[in-house]
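Breakdown of the fold
Read off the chains here:
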Amino acid sequence: MLFPTQGNTVMDRIKTAELTGAEIVIRCLQAEGVDYVFGYPGGAVLWIYDELFKQDKVRHVLVRHEQGAAHAADGYSRSSHKVGVCLVTSGPGLTNAVTGIATAYMDSIPMVILSGQVPTHAIGEDAFQECDAVGITRPCVKHNFLVRDVKDLAMTIKKAFHIATTGRPGPVLVDIPKDVTTHKCEFHYPETVSMRSYNPVKKGHTGQIKKAVQLLLEAKRPMVYSGGGVVLANAAPQLKALMKRTGFPITNTLMGLGGYPGTDAQFLGMLGMHGTYESNMAMQHCDVLLAIGARFDDRVIGNPAHFAQNPRKIIHIDIDPSSISKRVKVDVPIVGNIPDVLSEFLGLLEKSKTQDIKAWWKQIEEWRGKDCLKYDRNAKVIKPQFVLEKLYEVTGGEAIITSDVGQHQMWAAQFYKFEQPRRWINSGGLGTMGFGLPAAMGAVLANPGATVACVTGESSIQMCLQELSTCKQYRLPVKIINLNNKYMGMVRQWQQFFHGNRYSESYMDALPDFVKLAEGYGHSGVLIDKPADVEPALREAFKRKKDLVFLDFLTDQTENVYPMIPGGKGITEMILSEDL
Amino acid sequence: MKHIISILVENEAGALSRISNMFSARGYNIESLTVAPTEDASMSRMTVVTKGSDDVIEKITKQLNKLVEVVKVVDLSEAEHIEREMMLIKVRAGAKEREDMKRMADIFRGRVIDASDNTYTIELTGDGAKLDAFIQALDQSAILETVRTGASGIGRGNRILRA
Ligand SMILES: Cc1cc2nc3c(=O)[nH]c(=O)nc-3n(C[C@H](O)[C@H](O)[C@H](O)COP(=O)(O)OP(=O)(O)OC[C@H]3O[C@@H](n4cnc5c(N)ncnc54)[C@H](O)[C@@H]3O)c2cc1C
Ligand SMILES: Cc1ncc(C[n+]2csc(CCOP(=O)(O)OP(=O)(O)O)c2C)c(N)n1
Ligand SMILES: [Mg+2]
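Calculation notes
Residues numbered from 1 in each chain as written. Chains lettered and ligands numbered in written order. Predicted model: local features only at pLDDT ≥ 70, side-chain atom pairs only at ≥ 80, totals over all residues. Heavy atoms only, no water. Near = heavy atom within 4 Å. Polar contact = N/O pair within 3.5 Å; in protein donor to acceptor, adjacent residues only side chain to side chain. Areas by Shrake-Rupley, 256 points an atom, 1.4 Å probe, with all protein chains shown as cover. Helix = DSSP H or I, 4+ residues; strand = E, 2+ residues; numbered from the N terminus. Donors = N, O, S within 2.8 Å, 3.2 Å for Na, K, Ca; no water. Tetrahedral: all angles 85-135°; square planar, octahedral: opposite > 155°, others 65-115°. Nonpolar A, V, L, I, M, F, W, Y, C, P; charged D, E, K, R; others polar. Domains from an automatic or database assignment. Contact = heavy atoms within 4.5 Å. Buried area = accessible area lost by both parts, 1.4 Å probe. Salt bridge = Lys/Arg side-chain N within 4 Å of Asp/Glu carboxyl O.

Here we look at the site of ligand 1
All names here are of chain A. Surveying the vicinity of ligand 1 reveals 37 residues, the closest of which are Gly228, Thr253, Arg295, Asp318 and Asn337. Leu271 has a polar backbone atom sitting 2.8 Å from a nitrogen atom of ligand 1. When isolated, ligand 1 has an accessible area of 980 Å², and the protein chains bury 97% of it. For the shell around ligand 1, the leading source of residues is helix α10 (residues 228-232), giving three residues.

In structure tokens form, the structure reads like this:
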């Protein structure tokens, strides 16, 4: 024995007191520095709620529907780079949260979901409020666990936080049977985890990085395409340094907006289905494409066969090997963490000279000259684009903007210029209507004092409307920018273009009076139906720093989002606005 | 093309469904799947036989590696390997057929492991093609029941898959 008797006797004297599973859950959250948990109680989690009640380090936000809890935790994480945590009961509590979990999964958001489960002895017996949480969520989590023994609880929660935040981030669910929350054991929160089956890489392959830099040095028509990975990895500073060093043009995906300053001259705007003309043209015609934390989504590249018609060399940096060469074959794959890889790029680029790309920029400026986002500024009705331009002006471009899903989301992405990452919060991968309002609640709590607005549509806002009540209880001063076109505008647009103007079920009759509705929840609402009232209404609302204000803008009912790449078409086969 | 993929995976509840779910959710095909613990009881080894172009197989191995409980993945078909599958087949073996059946089993190096008045149960080991060939070689109407384990595979020589 290396350290005889003394150590042993000391250990004997300081035997840790035994804690219940419920106490352990709370102690773990405290140890992880969790300040907010978004949740909703129920039978299976009563003991955990009891322990929450007895302390005040971890604050609980009571939502009105578990979908709201998951989106709020998600918005909290996206706007802060911290882990979003939510707590739901077994059965319907968990199933209600699934949409929110899947939303986070598709956009790689680090979240930990704690769900109650029926007692271990009742599992599999169709017990009251039993559902196979691990089975139901398996396809939409990065990983999940069922804790059968209180002795495994602390380590499992530690692993959940570790897995959620490392490598390609994602939601992790921990399912905790009710009896496990009452059983007791000694509590030690592990400081580290090591898992032989899970070791995400950080550093990229040096040989590949050299090859990539060589390609960048030879490029005559270079293009940089960066995505959500830059935001997730907090790599905006390294990306900016690379762009300043090279002078190359850059585009961002919907998820990447803010990863590069939206007002910078090298920035060509978003690309893809509703991206700018110049971005999409440059993607097709470049000779070297550097993709950084972007996954060649079908809404971005359009038809991959069309994209492959133009020869170009592609470099792809991603931490997840399965994102590489999934839809588009790449020449130089680099598996690694973006800040680490870009720092190496910068080191290698220091002493070398890139090609003269003036001719390429000239071509790009020509494309940019098309002014593809132009819309009718003299219209008598409120144009949705106009509202967003004014929103940008009034908030000085400094707000955190959450969004729902539809046309309003695309206009927000096109017209609000994000200078910083983590200010644009939207559901890109799953496209979940109902995301905007609860996500804004999370953003407010993660960023005390920040201006937070939710850009939404009259259909989306009704999907998690109940959270207006949560906003009242916790005094969350979200500004709701409702672009009310009385249509599921995005659906109507597709029906107009591709289904012979047959607006099947995309018109919503009997809309609520949103002003009264906001008032009913104890907030204020304003109806705006004239272009001249747009800016004053916004100014008035944003002055009210402590209040939630619901701005209901009656906008042009038939406006469309342009440019648009129809499904299955090539990235340059864009439909442009008739106003051009 | 047919590929035989070996997977070392943590021996945890749910690991098998995580892997089979991945195949079905992403539309990859599974011809057979076998799994059992290894000499280290904390780990299981799985053999999956699948079909697909090289691109698809690359995607499958990447997706398998991405699963948190998967320790290692190897496409055995990339190099020399051995593949074995076991089949138990019950055939009609009345007085008339008995001789023939026995002879047939011998040709394929099968063993009769159970017999009744009118049946034989034959155990046969080999790669999938050999088992197919045996089934083909029999009078189809004599086959009463078959059960196959699915293929297990291992690399040849010094090719070793460990954690
Ligand atoms: C109505 C609607 C319209 C849309 N239209 C468009 C459109 O016009 N244009 C558009 O771009 N999108 C559009 N989308 C969104 C689209 O569906 C995808 O969600 C989006 O394009 C994906 O963005 P991304 O490629 O940046 O990948 P993300 O989903 O953000 O994925 C991030 C990638 O980065 C990697 N990564 C994460 N962390 C790191 C790290 N530390 N180091 C390295 N890599 C890392 C991940 O592995 C992943 O591959 C639309 C969505 C909706 C709902
Ligand atoms: C939960 C959910 N159901 C359905 C859809 C399909 N969908 C995408 S956009 C849209 C219409 C959105 O309408 P609205 O919120 O009014 O926004 P607009 O397009 O009019 O700006 C629908 C139904 C979806 N994305 N999410
Ligand atoms: Mg609408």
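Some words on the coordination of the magnesium ion (ligand 3)
Those protein atoms acting as donors to the magnesium ion (ligand 3) are A:Glu458 (OE), A:Glu458 (OE), A:Asn485 (OD1) and A:Tyr487 (O), and they sit at 2.1 to 2.5 Å. Geometry at the magnesium ion (ligand 3) is irregular, judged from the six donor atoms that bind it and their angles of 53 to 177° at the metal.

Observations regarding the site of ligand 2
Residue and element names in this part refer to chain A. What surrounds ligand 2 is a group of 17 residues, the closest being Gln407, His408, Gly431, Ser460 and Gly489. Ser460 places a side-chain nitrogen or oxygen 2.7 Å from an oxygen atom of ligand 2. With the chains in place, 77% of the 590 Å² that ligand 2 exposes on its own is no longer accessible. Of all the secondary-structure elements, those providing two or more residues to the shell around ligand 2 are α18 (407-415) and α21 (489-498). In the shell around ligand 2, the residues fall into seven nonpolar, nine polar and one charged.

Examining the domain arrangement of chain A
Residue and element names in this part refer to chain A. Here the domain parsing of chain A yields domain 1 (17-186), domain 2 (206-368) and domain 3 (384-561). Just the C-alpha atoms count here: the centres of domain 2 and domain 3 sit 31 Å apart. Each partner contributes to the interface: domain 2 provides 18 residues, whereas domain 3 provides 19 residues. Taken together, the two surfaces of domain 2 and domain 3 that pack against each other cover about 1400 Å², and 62% of this comes from carbon and sulfur. For the domain 2 face of the interface with domain 3, the top three residues by lost area are Leu254, Leu257 and His274, together amounting to 39%. For the pair domain 2 and domain 3, the interface holds zero salt bridges. At the boundary of domain 2 and domain 3, one finds eight residue pairs in polar contact (both at pLDDT 80 or more). Grouping the constituent residues of the side of domain 2 that touches domain 3 by class yields ten nonpolar, six polar and two charged.

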